[in-house]
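Notes for the structure review
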Amino acid sequence: MVSIATWNINSARLRLPIIERFLQEEQPDVLCLQEIKCQEQQFPAEALAKLGYEHQAIHGQKGYHGVATISRLPLKEFSRHDWQDNGEARHVGVELLGPGQGMVLENVYVPAGGDEPDRTKNPKFGQKLDFLERMTRWADAIDRPTMIVGDFNIAPLESDVWSHKQLLKVVSHTPLEVDTLQRFKDAHGWVDLGREFIRDPERYFSWWSYRSKDWKVNDRGRRLDHMWASPDLAKQAKSHRLREDARDWEKPSDHIPLITEFDL
């Protein structure tokens, strides 16, 4: 079995203690982190290597964004796509060597898109849609077993949000974003692994705003984080789960980790 985890950590240095806790408790083979918010040389590589995650691919920048894939299994960096088209560090791809050999694992942080779902008033929203269109053109040409994971910043299904009706005009759940993400999905026939195991319309959230004083009482969550796989690879997925309790850990991220296990 090979286990892959993903987590928008919202600062790898600030939240190193909970990354270490998660790795010790879950021991995934690979962990993909988004929003590491540091340059490559500032990433806590040594501390994570001491826990056995010595194989690392880090794509960082100063203060914002950034992604890192750390692994107990050998890997080699495969690609860095600039789907934002402005040099931001939002993607790193690796190829697994040894167990899971040949799987390509893409780690992505899609832009949030600002507050106003109108590209004429809010350029950030347009950048998000364009980012997804570039990803879609890339997905058209994939010819290897691939998994893409990370913070997509879109909750596509009605059951992926606390209130479909109230969020229809809120960035992350607008029909335009959902349609744009669907085109990306169709371009490669991606299988949404989360919803293979936690079936719609079952509640499934991965993010709760820091603005909510008691996230559990209000439970105003959204499923912004995803793990998708090529059709053949998806058939080998054996389990999928989330660590919702991590939203309550000391100095938590506003996102929680997701884990999928494969029989490769």
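Residues numbered from 1 in each chain as written. Predicted model: local features only at pLDDT ≥ 70, side-chain atom pairs only at ≥ 80, totals over all residues. Heavy atoms only, no water.

Where an unreviewed UniProt entry is consulted, the protein appears under the name Exodeoxyribonuclease III, with the organism given as Altererythrobacter lutimaris. Per UniProt, the protein carries the Sequence similarities (unreviewed entry) text "Belongs to the DNA repair enzymes AP/ExoA family." (UniProt positions renumbered as here; feature names shortened; annotations may be inferred.)

So, the UniProt feature "site: Transition state stabilizer" (unreviewed entry) in the protein
Residues given the UniProt feature "site: Transition state stabilizer" (unreviewed entry) here are Asn153. By secondary structure assignment, the location of asparagine 153 is in the loop between strand S8 (146–151) and helix H4 (164–167). Contact partners of asparagine 153, with chain neighbours within four places excluded, come to Tyr109, Val110, Pro111, Ala112, Lys128, Ser172, Glu177 and Leu224. (Helix = DSSP H or I, 4+ residues; strand = E, 2+ residues; numbered from the N terminus. Contact = heavy atoms within 4.5 Å.)

Considerations on the UniProt feature "binding site: Mg(2+)" (unreviewed entry) in the protein
Listed under "binding site: Mg(2+)" (unreviewed entry) in the UniProt record, and renumbered for this structure, are Asn8, Glu35, Asp151, Asn153, Asp254 and His255. These annotated residues cover 248 residues of sequence, but their C-alpha atoms sit close together, with the largest distance between any two at 12.6 Å. Within the element layout of this structure, asparagine 8 appears in strand S1 (residues 2–8). Overall, the relative accessible area of 0% leaves asparagine 8 in the buried class. Leaving out residues up to four positions away in the same chain, asparagine 8 has contacts with Gln34, Glu35, Tyr109, Asp151, Asp225, Ser253 and His255. One polar contact links the side chain of asparagine 8 to the main-chain amide nitrogen of asparagine 10, over a distance of 3.1 Å. Beyond its immediate sequence surroundings of up to four residues, aspartate 254 is in contact with Asn10, Ser206, Trp207, Trp208, Tyr210 and Arg247. (Buried < 20%, exposed > 50% of the residue type's maximum accessible area, 1.4 Å probe, protein only. Polar contact = N/O pair within 3.5 Å; in protein donor to acceptor, adjacent residues only side chain to side chain.)

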